[in-house]
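The lines below spell out each chain.
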Amino acid sequence: MKIVFFTNEYAHPKLPSSGGVGSFLKTMAEAMTKLGHEVHIYGFSKKNNDFKDQGITFKFFKKYSKQFPVSEFLRSLTSKLPFKSAELYFLKKERLYLAKQLKHYCKQNNIDIIESFTFNGFTAYWDNSTPLVNRFHGSRGFWHHYLGAKKEEHKIHMEQLALENTAYTVAVSKFSANAVKEIYNVDVDKIIYNGIDANHFTPNPDIKVIDQSIFYYGTISKAKGVDKLCLIFNDVIIKHPNATLHLIGRGNEYLEQLRANVLSVEASNKMTYYGPKQIEELPALLNQASILVFPSLNESFGLIIAESMALQKLVIASDIPSFNEIIIHGEDGFIAESDQAFVSLINDVFEKPEAYETLRKKARETIITNFTQELMTQKSIEYYKHILNT
């Protein structure tokens, strides 16, 4: 098959730093290429980019706001005025342009199937001349509905159109399938759990673990619960003054606010910020962790949970539906129902780390059994073939 992943992010050193979707697409693209499929990464970025790597074709055109600065200026101006219909006009204009670019690329390269994602509804006006799979990793509608984020109604409208304009919507968890139905009243066609590269995220006994270290990686934001993590660490360090906090990800500006307003002086002195890292760099860093802590307010799945467990690390995560689909509390990780529960669990692990060796091994077993890229890729390929056959 000839497959296009249509995107504005991808985890690659030649491209801007990306989030979870970029890591997901890298895993999928490389796995499908190894199976003999022709994979194209096509989309838009800050500048033009055209290269090949590991048998994958990459082509990024300059994003709409850079291609048409006058149009972008008018869009930005009208978004600040009470003329909301004008903002919708410019969003539609941009997405029609994206559809035109994508259609041309698919025709030029005889593409069989496209996969993209819901966030911002970039495929809102796709005409299905080539079948398109919309995989729901999350969305602005999700942020508003579950996290209380500002309602950006026109962008959510674009997401609605993107979901409605393809029959092929994939959810990455049971929870996210329910979310699509609840927010957009669209039925999900297929659930395929996200999978990770368990060969890349693998334990390395040669890397020394930092005693009493708490690691977090992902976006440094309120939605990810990093403010809660700072409060948790303030409490932990009182009982364990040698404990350290290690943060990896985008969000330096928000982190500086937390340093000034949330972290205690003692906690701030024991915190290290590494900035954003490419996926290739993560295992070497994360293998140093005593514990990985993820207090997210909500997630559609939890790649970071699966990656951390694959490293045979003890994970403590917030009590949200998608995390409960991965972790069995007390068997292969821990679910914390409150900030105090996080503190208690961390303190307990720091006091008797050797007691959790079996749990750590079980964590990797869970991922190998249920959440690998091989399983995800196999099920995705089967779904693509089903679409093309029907």
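Rules and cut-offs
- Residues numbered from 1 in each chain as written.
- Predicted model: local features only at pLDDT ≥ 70, side-chain atom pairs only at ≥ 80, totals over all residues.
- Heavy atoms only, no water.
- Helix = DSSP H or I, 4+ residues; strand = E, 2+ residues; numbered from the N terminus.
- Rg over C-alpha atoms; globule rule 2.2 N^0.38 Å.
- Buried < 20%, exposed > 50% of the residue type's maximum accessible area, 1.4 Å probe, protein only.
- Contact = heavy atoms within 4.5 Å.
- Areas by Shrake-Rupley, 256 points an atom, 1.4 Å probe, with all protein chains shown as cover.
- Lys, Arg positive; Asp, Glu negative; His and termini not counted.
- Charge placed at Lys NZ, Arg CZ, Asp CG, Glu CD.
- 1 Å grid on protein atoms, 1.4 Å probe; cavity = no way out; pocket = protein on both sides within 12 Å on 5 of 7 lines; lining within 4 Å.
- Points joined across faces, edges and corners; volume = space filled by probe spheres on them.
- Patch = residues over 30% accessible without salt bridge, like charges linked within 9 Å, V, L, I, M, F, W, Y side chains within 5 Å.
- Salt bridge = Lys/Arg side-chain N within 4 Å of Asp/Glu carboxyl O.
- Core = buried A, V, L, I, M, F, W, Y, C linked by side-chain atoms within 4.5 Å.
- Expected span 1.5 Å × (residues − 1).
- Phe/Tyr/Trp six-rings, centres within 6.5 Å; stacked < 30°, edge-to-face > 60°.
- Pairing = 2+ DSSP bridges.
- Axes fitted to C-alpha atoms, helices over the stretch in contact; angles between N-to-C directions.
- Parallel < 35°, antiparallel > 145°, perpendicular 65-115°, else oblique.
- Left-handed = near helix turned anticlockwise from the far one by under 90°.
- Nonpolar A, V, L, I, M, F, W, Y, C, P; charged D, E, K, R; others polar.

**Quick word on the overall build of the protein**
Point 1. Scanning the protein for helices and strands turns up 16 helices and 14 strands.
Point 2. Here the C-alpha radius of gyration of the protein, 21 Å, is about what a compact globule of 390 residues would show, namely 21 Å.
Point 3. Reported as C-alpha extents along the three principal axes, the dimensions of the protein are approximately 60 × 50 × 40 Å.
Point 4. Residues counted as buried form 54% of the 390 residues belonging to the protein.
Point 5. A separation threshold of at least 6 residues defines the contact pool for the protein, and within that pool the share at least 24 residues apart is 68%.
Point 6. Of the accessible surface of the protein, which amounts to about 17100 Å², a share of 50% is contributed by carbon and sulfur atoms.
Point 7. Charged side chains of the protein number 45 positive and 43 negative; the gap between the two group centres comes to 7 Å.

**Some remarks on the layout of surface pockets**
To find leftover empty space, one rolls a probe the size of a water molecule over the atoms.
Point 1. Quantified by volume, the second largest pocket comes out at close to 320 Å³.
Point 2. In terms of lining, the second largest pocket is formed by 19 residues, of which the most central are Val209, Ala289, Lys313, Glu357 and Arg360.
Point 3. If you list the elements that add at least two residues to the lining of the second largest pocket, you get α14 (339–351) and α15 (357–370).

**Considerations on a nonpolar patch on the surface**
Point 1. A cluster of nonpolar residues, Phe73, Leu74 and Leu77, forms a patch on the protein surface that exposes about 280 Å² of accessible area.
Point 2. Among the structural elements, leucine 77 can be located in helix α3 (residues 69–79).

**Observations concerning the nonpolar core**
Point 1. Grouped together as the largest cluster of nonpolar side chains are 108 residues, with contacts concentrated most on Phe5, Ile305 and Ile316.
Point 2. For this core, the element with the highest residue contribution is helix α8 (residues 226–239), accounting for 7 residues.
Point 3. If near-sequence neighbours (up to four positions away) are discounted, phenylalanine 5 is found in contact with Leu25, Met28, Ala29, Met32, Val39, His40, Ile41, Tyr42, Glu115 and Tyr384.
Point 4. By size, the runner-up hydrophobic cluster in this structure holds 9 residues, among which are Phe142, Phe175, Tyr184 and Val186.

**What about the side chain of arginine 95?**
Point 1. Tracing the sequence through the fold places arginine 95 in helix α4 (residues 84–109).
Point 2. Every residue in contact with arginine 95, bar those within four places of it in the chain, is listed here: Asn120, Gly121, Phe122, Ala124, Tyr125 and Met158.

**As for α8**
The α-helix winds at 3.6 residues per turn, so residues separated by three or four positions along the chain end up facing the same way.
Point 1. The terminal C-alpha atoms of α8, which comprises 14 residues, lie 20 Å apart, in line with the 20 Å expected from a rise of 1.5 Å per residue.
Point 2. For α8, every residue scored as buried is listed here: Val226, Asp227, Leu229, Cys230, Ile232, Phe233, Asn234, Val236 and Ile237.
Point 3. The secondary structure elements touched by the buried residues of α8 are β9 (213–217), β10 (244–248), α9 (252–261), α10 (265–269), β12 (291–294) and α14.

**Points about the packing of aromatic side chains**
Point 1. A complete count under the given rule lists 24 aromatic pairs for this structure.
Point 2. Ring geometry for phenylalanine 44 versus phenylalanine 61: centroids 6.1 Å apart, planes at 40 degrees, classification tilted. Pair noted here: phenylalanine 44 is in strand β2 (residues 38–45) and phenylalanine 61 is in strand β4 (residues 56–62), with a separation of 17 residues, a long-range link. When sorted by exposure, phenylalanine 44 lands in the same class as phenylalanine 61, which is buried.

**Some thoughts on the sheet that holds β4**
Point 1. Read from one edge to the other, the open sheet built from 8 strands follows the order β3-β4-β2-β1-β5-β6-β7-β8, with strand pairing classed as mixed. This sheet does not close on itself; its edge strands, each paired only once, are β3 (49–53) and β8 (190–191).
Point 2. The pairing of strand β6 (residues 132–136) with strand β7 (residues 168–171) spans 4 bridges and is parallel. Each residue of the ladder has a partner; that of arginine 135, found in β7, is valine 170.
Point 3. Most of the contacts of helix α16 (residues 373–389) go to β6, to which it runs at about 145 degrees, and overall it touches β1 (2–7), β5 (113–117), β6, β7 and β8.

**What about the sheet that holds β12?**
Strand pairing in a sheet is mediated by backbone hydrogen bonds. Such pairs are either parallel or antiparallel.
Point 1. In space, the 6 strands of this open sheet follow the order β11-β10-β9-β12-β13-β14, with parallel pairing throughout. The outermost strands of the open sheet, each flanked by one partner alone, are β11 (271–273) and β14 (334–336). Across the sheet, the mean angle from the axis of one strand to that of its neighbour is 25 degrees, orientation sign disregarded.

**Examining the pattern of salt bridges**
Point 1. For the structure shown, the criterion picks out 16 salt bridges.
Point 2. When salt bridges that share partners are traced, they join Lys26, Glu30 and Glu280 into one network.

**Thoughts on unusual backbone geometry**
Point 1. Residues other than glycine seldom take positive phi values, yet asparagine 120 does so here, at roughly 70 degrees.
Point 2. The phi angle at glutamine 312 is positive, at roughly 65 degrees, despite the residue not being glycine.
Point 3. With respect to the helices and strands, glutamine 312 occurs in the loop between α12 (303–310) and β13 (314–318).
Point 4. Exposure remark for glutamine 312: the relative accessible area of 24% places this residue in the partly exposed category.

**A few points about the packing of α8 against α14**
Point 1. Relative to each other, α8 and α14 sit at 45 degrees, their axes nearing to 9 Å. One element, α8, and the other, α14, form an angle in the oblique class. In terms of crossing hand, the pair formed by α8 and α14 is right-handed. Residue-level contacts link Lys228, Ile232, Asp235, Val236 and Lys239 of α8 to Asp339, Gln340, Phe342, Val343, Ile346, Asn347, Phe350 and Glu351 of α14.
Point 2. Split into classes, the residues belonging to the contact of α8 with α14 amount to 6 nonpolar, 2 polar and 5 charged.

Fair warning: the whole summary comes from geometry, so function is off the table for now.
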